[in-house]
Amino acid sequence: MPDILETNARERGEAVLAYHRQTKHRLDGYAAGPETLDWDAQPSPYRHYAGAPVTPLKLVSDGIETPYAGLTGQAQSSPVMLGRRGVGAMLELGFGLAAIKEYGPDRWALRCNPSSGNLHPTEVYVLACGVAGVADGVHHYRPEDHALEQRCKTRFAQPGLWVALSSVSWREAWKYGERAFRYCQLDIGHALGALAASCAALGWYARIVPGIGTEALGGLLGLDRALDFGCAEREEPEVLLHIETTPGAGASAYGLAPRLIGQAVWSGIANLLDARPIYRWPVIEAVAKASRGMSKSMELHGGAPDSPAPLARAAEVILKRRSAQRYARDHVMPRSDFVRLLDAVSQLLRGTRLHLLVFAHNVEGVERGLYALPGNLAAELGLRAGLDAAFLWDEIVAMPELPAFKLLAKGDFRKLARALACRQAIAADACVTICMLAEFGDVIAKIPWCYRQLHWQAGLVGQRLYLEAQALGHGGTGIGCFLDDEVHRLLGMRDESLQVVYCFAVGLALTDTRIGTLCAYPARSRHEAEDASARDPLP
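Now for a description of the structure that goes with this document. (Residues numbered from 1 in each chain as written. Predicted model: local features only at pLDDT ≥ 70, side-chain atom pairs only at ≥ 80, totals over all residues. Heavy atoms only, no water.)

This part is about the overall build of the protein. A tally of regular secondary structure across the protein gives 15 helices and 20 strands. Relative to a compact globule of 539 residues, whose C-alpha radius of gyration would be 24 Å, the protein shows 22 Å and is just as compact. Dimensions along the principal axes, computed over C-alpha positions, put the protein at roughly 65 × 60 × 50 Å. Taken across its 539 residues, the protein has 58% of its residues classed as buried. Expressed as a percentage of contacts within the protein between residues at least 6 apart in sequence, the contacts between residues at least 24 apart total 82%. (Helix = DSSP H or I, 4+ residues; strand = E, 2+ residues; numbered from the N terminus. Rg over C-alpha atoms; globule rule 2.2 N^0.38 Å. Buried < 20%, exposed > 50% of the residue type's maximum accessible area, 1.4 Å probe, protein only. Contact = heavy atoms within 4.5 Å.)

What follows is the structure in structure tokens.
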């Protein structure tokens, strides 16, 4: 007889695959979503825990001089001392507000971590023990105030600093309906990339803690405390990370989840984000349950690219990153920028199950056409087997820096790219449009949790594309709306062994001058008398 756990995994795997099929956009109709939106009744983008003690954090990004090369491992940065100021810097550059936008009477916040539709389903928790200036226990991060609110007063068996992420799916489902679970997972990937970048700017390192289950993480964060949530929207536990503040010194510590010792005192009641929800999407709860499992290791920082890093300050790039809304259609991307973009991203692809299909629309010295960048050279044979046998797979003699980069088909694909991206002009007007293909069917069937991880890896790549584009003077846009099976037909895919999970566009962004930009935290000084501290220096 088959093992019960294996049978359960197969059933859950099929449920996840069924969700993916059900939520595809098609020529004859998009995935199920709300028929109307009341923007005045949008769910709150901020979670609060009323009654929880609040610890304000300093805004110190102006004092972080790490060059952009430090984010990609091409420059060394002295680690910042672990303490409240360092934790604040990590959260400010990882998940804090980057700016306030203003158009007429409307105002909205932008954050350092990108999000589908700027809806921000991701919640951030900090677990600390022995961190100067931060009470031992579990804290929730409040980005609008740049503060921590302490959910649990307790001690852990080992000193250290951890960050955990969860998702409030309703923030995405309110606008995107059934497809929202996909976007929540992409946003976790964005958040992982944002955290990796903020840690690198401080000389720190972020690592996923393997082996902790979804339910166990929920218990650690108090997300299973029904009385603390009441009627408020629940959060789905996603991932736990250990923050290595002295790289190399704690090689074994990151593999351990913090273990509570002694009494845990919880405080705070979750706020209601949407008092009058109109729709319900039970398929989201079903796929969340089916895809729960044990976390696995995943490289967040990647290796150092060979191509020269852009000359920019890391914090400035992070804070100025935006999702481009329009592109200059006739702009030509310099060849060196194109090489740098793909070189940097290829470092993150290694060891993943992701591959890139690249539509080159306007790149100096690169013929218009469709190109492939496998996750690594060894993966090319498998990718070839899954795509149309008529593709060329020609080497690009003019680009020796990227030996894995191959030409599949020549031609102007701008109109087709726009059609595949739900008729969005950004896919045609950008210099480059990228589709991320994931090794899919059998992987999900065996380990349903990998559905989450594949989207995390795609979001992680997307965040690197955002930062590279910004540092190079371009703009990036994540594209979650695409006609899934039409992309697959274009590529000649015959089964579910490969599936497109994310698309991305890079080009010269056009600024809408009607929209004003304000300071992210207008009520607070960015320096706050912290210009220089001999006790706790920033790089």
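Bringing the side chain of histidine 301 into the picture now. Looking at the element boundaries, histidine 301 is found in the loop between helix H7 (282–290) and helix H8 (314–320). For histidine 301, the contacting residues outside a window of four places in its chain are Ala196, Ala200, Trp204, Tyr205, Ala206, Leu348 and Arg464.

With respect to the secondary-structure elements, arginine 418 resides in helix H11 (residues 414–420). On the basis of relative accessible area, arginine 418 is assigned to the partly exposed category, the value being 40%. Between the alpha carbons of arginine 418 and alanine 505 there is a distance of 11 Å; along the sequence they are 87 residues apart. For arginine 418, the residues in contact, after removing those within four places along its chain, are Arg423, Gln424, Ala425, Ala427 and Ala428.

Scanning the entire structure with this criterion turns up one disulfide. Here cysteine 422 is linked by a disulfide to cysteine 481, with a sulfur-sulfur distance of 2.3 Å. What sets the handedness of the cysteine 422 and cysteine 481 disulfide is the S-S torsion sign, and at about -100 degrees it is left-handed. Taken together, the residues cysteine 422 in the loop between H11 and helix H12 (426–429) and cysteine 481 in the loop between strand S18 (475–479) and helix H15 (484–491) connect sequence positions 59 residues apart. Residue cysteine 422 is classed as buried on the basis of its relative accessible area of 11%. Of the cysteine sulfurs around cysteine 184, a residue in no disulfide, the closest is that of cysteine 481, at 16 Å. Judged by relative accessible area, cysteine 184 falls into the buried class, the value being 1%. (Disulfide = S-S within 2.5 Å.)

Turning our eyes to something else, we now look at the packing of aromatic side chains. Using the criterion set out here, one finds 15 aromatic pairs in the structure. When the centroid spacing of 6.1 Å and the interplanar angle of 65 degrees are considered together, the rings of phenylalanine 156 and tryptophan 162 count as edge-to-face. The burial state of phenylalanine 156 is the same as that of tryptophan 162; both residues are buried. Through a chain of ring-to-ring contacts, the aromatic side chains of Tyr19, Phe181, Phe440 and Tyr451 assemble into a single cluster. For arginine 179, the ring lying beneath its charged end belongs to phenylalanine 482, and the centroid distance is 4.8 Å. Sitting over the face of the ring of tyrosine 466, arginine 321 holds its NZ or CZ atom 4.7 Å from the ring centroid. (Phe/Tyr/Trp six-rings, centres within 6.5 Å; stacked < 30°, edge-to-face > 60°. Lys NZ or Arg CZ within 6 Å of the ring centre and 35° of its normal.)

As a further point, take the packing of helix H9 (residues 335–349) against helix H14 (residues 450–471). The interhelical angle for the contact between H9 and H14, taken along N-to-C directions, is 155 degrees, at an axis separation of 10 Å. Judged by the angle between their axes, H9 and H14 are roughly antiparallel. The crossing of H9 and H14 is right-handed. Contacts between H9 and H14 pair Arg340, Leu341, Ala344, Val345, Leu348 and Leu349 from the former with Leu460, Val461, Arg464, Leu465, Glu468 and Ala469 from the latter. The residue makeup of the contact of H9 with H14, split by class, is nine nonpolar, no polar and three charged. (Axes fitted to C-alpha atoms, helices over the stretch in contact; angles between N-to-C directions. Parallel < 35°, antiparallel > 145°, perpendicular 65-115°, else oblique. Left-handed = near helix turned anticlockwise from the far one by under 90°. Nonpolar A, V, L, I, M, F, W, Y, C, P; charged D, E, K, R; others polar.)

As a packed pair, helix H4 (residues 180–201) and H14 sit with axes 6 Å apart at the nearest point and diverge in direction by 50 degrees. Overall, the two elements H4 and H14 adopt an arrangement that is oblique. Both H4 and H14 take part in a crossing whose hand is right-handed. Counting all contacts with H4, which are made through Phe181, Arg182, Gln185, Leu186, Ile188, Gly189, His190, Leu192, Gly193, Ala194 and Ala197, the residues of H14 involved are Tyr451, Arg452, His455, Trp456, Ala458, Gly459, Leu460, Gln463 and Leu467. In terms of residue class, the contact of H4 with H14 is built from eleven nonpolar, seven polar and two charged.

A sheet is described by the order of its strands in space; here three strands give the open sequence S4-S3-S20, paired in antiparallel fashion. On the outer flanks of this sheet lie strand S4 (106–111) and strand S20 (516–518), each paired with one strand and no other. For this sheet, the mean angle separating the axes of adjacent strands, direction not counted, is 30 degrees. Two elements, strand S3 (residues 97–103) and S4, share six bridges in a ladder whose sense is antiparallel. (Pairing = 2+ DSSP bridges.)

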